[in-house]
Amino acid sequence: MKAASALDYRELARKRLPHFLFEYIDGGSYSEVTLKRNVADLEEIALRQRVLTDVSTLDLSTELFGRTQLLPIALAPIGLAGMNARRGEVQAARAAQTAGIPFCLSTVSACSLDEVAAGTSQPFWFQLYMIRDRAFMRDLLAKAKAAQCSALVFTVDMPVPGSRYRDYRSGLAGATGLMGAARRAIQAALRPAWAYDVALRGRPHQLGNVAPVLGKNTGLEDFFAWMRNNFDPTVSWNDLTFIREIWDGPLIIKGILDVDDAKAAADLGADGIVVSNHGGRQLDGVPSTARALPPIADAVRDRLTILADGGVRSGLDVVRMLALGAHGVLLGRAWVYALAAGGEKGVDHMLRLIEAEIRVAMALTSCRNIAEIGPGTLVAPGRLG
Ligand SMILES: Cc1cc2nc3c(=O)[nH]c(=O)nc-3n(C[C@H](O)[C@H](O)[C@H](O)COP(=O)(O)O)c2cc1C
């Protein structure tokens, strides 16, 4: 099958990845109510078709955090993304560079900050979780600075991890010891193309940024144990002062879903927020981001840059998020599916599909540039708010 849309890449990823890995990227927490809402609520939003304006020239570029980018999107931080294709984060960062958009590297990526910096020539963003060991955090931020990261995305919606049933069912989580490893090995053996590309030729398999503290403990169980033991549940607004002291570049708070929290982020001088529920992977039952975004935009859009993610599977969804009040939109699963299916070329192609869809949506809503996309681009702007 040749992919004609980002969702086609989901099917291709399903066929290429070992079952436990596909379920890890595809799944959400608990009953996946929020995951479904993210997609369904976006789909519900009707774009307002307007005709007979000259749309021969469209400008999809925008400025985020002082830098011009060619499209109003960025690649969201995805933990373990590098296990979906050989040295996967480098491949995705290259595709982002070609498309002229930012790539955001997760704290818990397979490739380290240094490796991604060496594989690209465009600055990328770095995502940080609050980690108990503040010295380690300082060290990571120094490395991000040295790698010339152009923004820090501080993720605040994971003081504790949400439980993902699919990971238990697939054998990714909770399947310890030899039996667990054997189960995953069988699933990997059933996907020889992935096994050759990633399991064999994609070494080392480790968390690049965390490897120095994990030492020789590089198994999947070590990774989850490290997350359980080191993510800091005491994280509070006061910690932003700590981050601010050591990071002088743009600071983006990711995981905001409430107007009061958005205001607090603005009060504390954040440069941006990501309206996000972690792609429905944390607290199941919270509202979709499409629903949470409009009141947040009303409250703080003139004080900081608003990014949004969750359920974005097409260029039409990007336009919907912009119309709901975001300045920019993050793609999450969409890019990981494409990476799994086709590496850098897959992400590159998926981004061109999204761009083409944004163009058509802009032309048929009579928006000639990104700034023209707004509440008037929707049939019933307030309905989901
Ligand atoms: C497999 C997977 C891993 C993720 N890992 C991280 C992470 O390490 N850090 C982070 O801030 N968000 C992480 N997220 C959340 C994404 O950055 C983003 O918020 C979410 O994927 C957006 O929803 P979407 O996938 O429906 O587009 C992860 C999401 C997925 C699907």
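Residues numbered from 1 in each chain as written. Predicted model: local features only at pLDDT ≥ 70, side-chain atom pairs only at ≥ 80, totals over all residues. Heavy atoms only, no water.

(A) Representation of the overall build of the protein within the structure. Looking only at helices and strands, one finds 16 helices and ten strands in the protein. A principal-axis box enclosing the C-alpha atoms of the protein has dimensions of 65 × 50 × 40 Å. The buried share of the protein, taken over its 385 residues, is 58%. Within the protein, contacts between residues separated by at least 24 positions form 72% of all contacts whose residues are at least 6 apart in sequence. When the accessible surface of the protein is summed, it comes to about 15,800 Å², and 53% of that surface belongs to carbon and sulfur atoms. The protein carries 43 positive and 40 negative side-chain charges, and their two centres are separated by 6 Å. (Helix = DSSP H or I, 4+ residues; strand = E, 2+ residues; numbered from the N terminus. Buried < 20%, exposed > 50% of the residue type's maximum accessible area, 1.4 Å probe, protein only. Contact = heavy atoms within 4.5 Å. Areas by Shrake-Rupley, 256 points an atom, 1.4 Å probe, with all protein chains shown as cover. Lys, Arg positive; Asp, Glu negative; His and termini not counted. Charge placed at Lys NZ, Arg CZ, Asp CG, Glu CD.)

(B) Molecular detail of the site of the ligand. Residues in contact with the ligand amount to 22 residues; listed here are only the nearest, P77, S106, Y129, T155 and D309. A distance of 2.7 Å separates an oxygen atom of the ligand from a polar atom in the backbone of P77. Note that an oxygen atom of the ligand is positioned 3.4 Å from one of the side-chain N or O atoms of S276. The protein chains hide 98% of the 610 Å² of surface that the ligand would expose on its own. Sorting the residues of the shell around the ligand by element identifies α2 (19-26) and β5 (125-129) as the ones contributing at least two each. (Near = heavy atom within 4 Å. Polar contact = N/O pair within 3.5 Å; in protein donor to acceptor, adjacent residues only side chain to side chain.)

(C) The arrangement of empty space enclosed by the protein in detail. In this structure the tally under the stated criterion is one cavity of 30 Å³ or more. Of the volumes computed, that of the largest cavity is approximately 60 Å³. A breakdown of the residues in the lining of the largest cavity according to their chemical character gives seven nonpolar, one polar and one charged. (1 Å grid on protein atoms, 1.4 Å probe; cavity = no way out; pocket = protein on both sides within 12 Å on 5 of 7 lines; lining within 4 Å. Points joined across faces, edges and corners; volume = space filled by probe spheres on them. Nonpolar A, V, L, I, M, F, W, Y, C, P; charged D, E, K, R; others polar.)

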